[in-house]
Amino acid sequence: MKNIDSYPNTRLRRNRKKEWSRRLIQESTLSSNDLIWPIFICEGKNVKKPVKTMPGIYRYSIDRLEKLVESAMNKKIPMIALFPNTPSSKKDNKGSEALNKNNLICQALKLIKKNYKDKDIGTMCDVALDPYTNHGHDGILKNNYVDNDETIKILVKQSLLQAEMGCDVIAPSDMMDGRIGEIRKALDKNGHELVQILSYAVKYASNFYGPFRYAIGSKKSLKGDKKNYQMDFKNSREALREVALDVKEGADFVMVKPGMPYLDIIKLIRDNFKIPVFAYQVSGEYSLIKNGINNHILNEEAIIESLTSFKRAGASAVVTYFAEEVAKKLR
Ligand code: PBG
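Figured I'd write up the structure that's included with this text. All values reported here derive from a predicted model rather than from experimental measurement.

Focus on the side chain of Gln158
With respect to the secondary-structure elements, Gln158 resides in helix 4 (residues 148-164). Beyond its immediate stretch of four places on either side in the chain, Gln158 contacts Ala98, Leu99, Asp126, Val127, Ala128, Leu129 and Tyr132.

Here you go:
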């Protein structure tokens with residue numbers, strides 16, 4: 001049989017000729033429903049302090065949070081993610097501040113629960129100790145090694161505290177083995193069976209986290225690297241095992257992080273599991289693109305292009321520091 005799918009019978013440029021036709025054949029689209037907006041919070045009153053490493057991003061005091069939540073709702077952003085900048089005076093080697101009922105995250109959750117309980121906005125909080133430890137690691141150190149099982153005990157308490165304060169989505173970002181199952185069990189036992197778990201199941205030991213570590217104040221304190229718990233960027237098969245375990249342990253969604261250098265991993269998980277996959281376009285990716293735009297090396301459309309690539313790869317949603325800016329444009 002003659003192959004008709006070839007030139008000159010077939011001209012793929014025909015479908016691309018007009019804007020309306022290009023619209024008809026679009027496979028992936030981005031909407032504000034796809035966005036999760038990370039927000040950095042800090043102590044003080046009426047603070048809006050620029051994060052030096054992330055142009056256009058600020059740390060806000062809790063009294064400014066309501067305005068941000070309103071903005072998210074107005075723009076139909078489904079969920080915000082809260083990250084605390086803990087003063088170094090409150091950090092210790094066990095990350096005790098993580099369990100303080102009055103820490104920044106708890107204050108923020110209480111405020112949101114009080115004012116927006118029945119409103120259509122979700123809250124997500126990281127479960128990990130790095131914002132609270134004076135060594136910058138995500139867990140408890142024993143002989144200079146992050147002790148898995150001791151760390152889980154604290155992460156379980158941190159999760160319960162956040163759930164009690166009204167957090168909707170608990171997001172363990174620590175990469176300890178077995179923590180999803182333990183957290184799920186504890187949540188269920190304490191009446192939080194409908195609190196969701198977003199597992200940072202596939203989190204690489206990445207060089208793209210630098211600007212974030214500066215933003216939460218863990219950069220200076222971090223001793224060594226996180227390679228004995230976060231994944232090696234040379235691997236992808238291991239990602240399948242991580243996700244398989246977390247699905248079994250009760251995760252509701254899984255995250256791949258960072259984003260753009262790992263589109264192959266998003267696709268791999270999308271093709272092998274039914275669980276929703278989220279991508280995290282991390283601080284280093286944000287700053288690269290933002291600096292490119294600010295220096296007239298890229299144009300602004302690069303933002304939408306980068307975010308649409310996650311959708312094309314199979315992500316259901318993207319955590320991105322561009323969330324507010326992009327949602328404004330998408331409306
Ligand atoms: C900490 C955490 C990190 C990020 C989110 N949660 C950094 C790290 O693991 O060192 C990075 C986010 C970003 O770079 O935007 N558990």
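Thoughts on the pairing of strand 12 (residues 317-320)
Side-chain positions along a regular strand alternate between the two faces of the sheet. Burial of strand 12 is two-sided: the residues Ala317 and Val319 facing one way and the residues Val318 and Thr320 facing the other way are all buried. Where strand 1 (residues 35-42) meets strand 12, two bridges bridge the pair, whose relative direction is parallel. Bridge pairing links Ile36 to Val319 in strand 12. Inspection of the sheet shows strand 11 (residues 277-281) paired to strand 12 by four bridges, in the parallel sense. Bridged to Tyr280 within strand 12 is Val319.

Focus: the site of the ligand
Lining the immediate environment of the ligand, one finds 17 residues, of which Lys203, Arg213, Lys257, Ser283 and Tyr321 sit closest. If the ligand stood free it would expose 410 Å²; the protein chains cover 100% of that surface. Among the residues making up the shell around the ligand, the classes are represented as seven nonpolar, three polar and seven charged.

Some thoughts on the packing of helix 2 (residues 65-74) against helix 3 (residues 104-116)
Relative to each other, helix 2 and helix 3 sit at 55 degrees, their axes nearing to 11 Å. By the criterion of interaxial angle, the relationship of helix 2 to helix 3 is oblique. Our pair here, helix 2 against helix 3, has a crossing hand that is right-handed. On helix 3, the residues touching Leu65, Glu66, Val69, Glu70 and Met73 of helix 2 are Ala108, Leu111, Ile112, Asn115 and Tyr116. For the contact of helix 2 with helix 3, the per-class residue count stands at seven nonpolar, one polar and two charged.

Quick notes on the pairing of strand 9 (residues 196-203)
Burial of strand 9 is extensive: seven of the eight residues sit out of reach of the surface. Bridging between strand 8 (residues 169-172) and strand 9 involves two bridges; their strand directions are parallel. Considered in strand 9, the bridge of Ile170 is made with Ile197. You can see the chain leave strand 8, run along helix 5 (residues 179-189) and come back into strand 9, and the turn it takes is right-handed. Of the strand pairs in this sheet, strand 9 and strand 10 (residues 253-257) are connected by four bridges, and their pairing is parallel. Note that in strand 10 the partner of Lys203 across the bridge is Lys257.

Overview of a positive patch on the surface
The grouping of Arg11, Arg13, Arg14 and Arg16 at the surface amounts to a positive patch. Along the polypeptide, Arg11 turns up in the segment before helix 1 (19-24).

Re the pattern of salt bridges
Across all of its chains, the model carries 17 salt bridges by this definition. Taking the shortest distance from any N to any O, the salt bridge between Lys226 and Asp138 comes out at 2.6 Å. Here Lys226, found in the loop between helix 6 (210-216) and helix 7 (237-249), pairs with Asp138, found in the loop between strand 5 (122-127) and strand 6 (141-142); they are 88 residues apart in sequence, far enough to count as distant. Each member of the pair, Lys226 as well as Asp138, carries the same accessibility label: buried. Linking Arg184 and Asp188 is a salt bridge whose minimum nitrogen-to-oxygen distance equals 2.9 Å. You can see Arg184 and its partner Asp188 sitting in helix 5, four residues apart, about one turn around the helix.

Details of helix 10 (residues 301-313)
Counted at 1.5 Å a residue, the expected span for helix 10 with its 13 residues is 18 Å, and the 19 Å between its end C-alpha atoms agrees. Buried within helix 10 are the following residues: Ala302, Ile303, Ile304, Ser306, Leu307, Thr308, Ser309, Phe310 and Ala313. Where helix 10 is buried, its residues contact strand 1, helix 8 (263-272), strand 11, helix 9 (283-294), strand 12 and helix 11 (323-330). Following helix 10 by one or two positions, Gly314 has its phi on the positive side, about 120 degrees.

A word on the packing of aromatic side chains
Summed over all chains, the structure comprises 11 aromatic pairs. Taken together, a centroid distance of 4.6 Å and an interplanar angle of 45 degrees make the contact between Tyr286 and Phe322 tilted. With Tyr286 in helix 9 and Phe322 in the loop between strand 12 and helix 11, this residue pair connects regions lying 36 residues apart in the sequence. Residue class for Tyr286 comes out buried when judged on its relative accessible area of 1%. Taking the relative accessible area as the measure of exposure, Phe322 reaches 0% and is therefore buried. Ring pairs connect the aromatic residues Phe40, Phe83, Tyr200, Phe212, Tyr280, Tyr286, Tyr321 and Phe322, which therefore count as one cluster. Here the basic side chain of Lys48 rests over the ring of Tyr58, its NZ or CZ set 4.4 Å away from the ring centre. The ring of Phe212 carries Lys257 above its face, with NZ or CZ at 6.0 Å from the centroid.

About the thresholds
Residues numbered from 1 in each chain as written. Predicted model: local features only at pLDDT ≥ 70, side-chain atom pairs only at ≥ 80, totals over all residues. Heavy atoms only, no water. Helix = DSSP H or I, 4+ residues; strand = E, 2+ residues; numbered from the N terminus. Contact = heavy atoms within 4.5 Å. Buried < 20%, exposed > 50% of the residue type's maximum accessible area, 1.4 Å probe, protein only. Pairing = 2+ DSSP bridges. Near = heavy atom within 4 Å. Areas by Shrake-Rupley, 256 points an atom, 1.4 Å probe, with all protein chains shown as cover. Nonpolar A, V, L, I, M, F, W, Y, C, P; charged D, E, K, R; others polar. Axes fitted to C-alpha atoms, helices over the stretch in contact; angles between N-to-C directions. Parallel < 35°, antiparallel > 145°, perpendicular 65-115°, else oblique. Left-handed = near helix turned anticlockwise from the far one by under 90°. Right-handed = clockwise from strand over helix to strand, strands pointing away. Patch = residues over 30% accessible without salt bridge, like charges linked within 9 Å, V, L, I, M, F, W, Y side chains within 5 Å. Salt bridge = Lys/Arg side-chain N within 4 Å of Asp/Glu carboxyl O. Lys, Arg positive; Asp, Glu negative; His and termini not counted. Charge placed at Lys NZ, Arg CZ, Asp CG, Glu CD. Expected span 1.5 Å × (residues − 1). Phe/Tyr/Trp six-rings, centres within 6.5 Å; stacked < 30°, edge-to-face > 60°. Lys NZ or Arg CZ within 6 Å of the ring centre and 35° of its normal.

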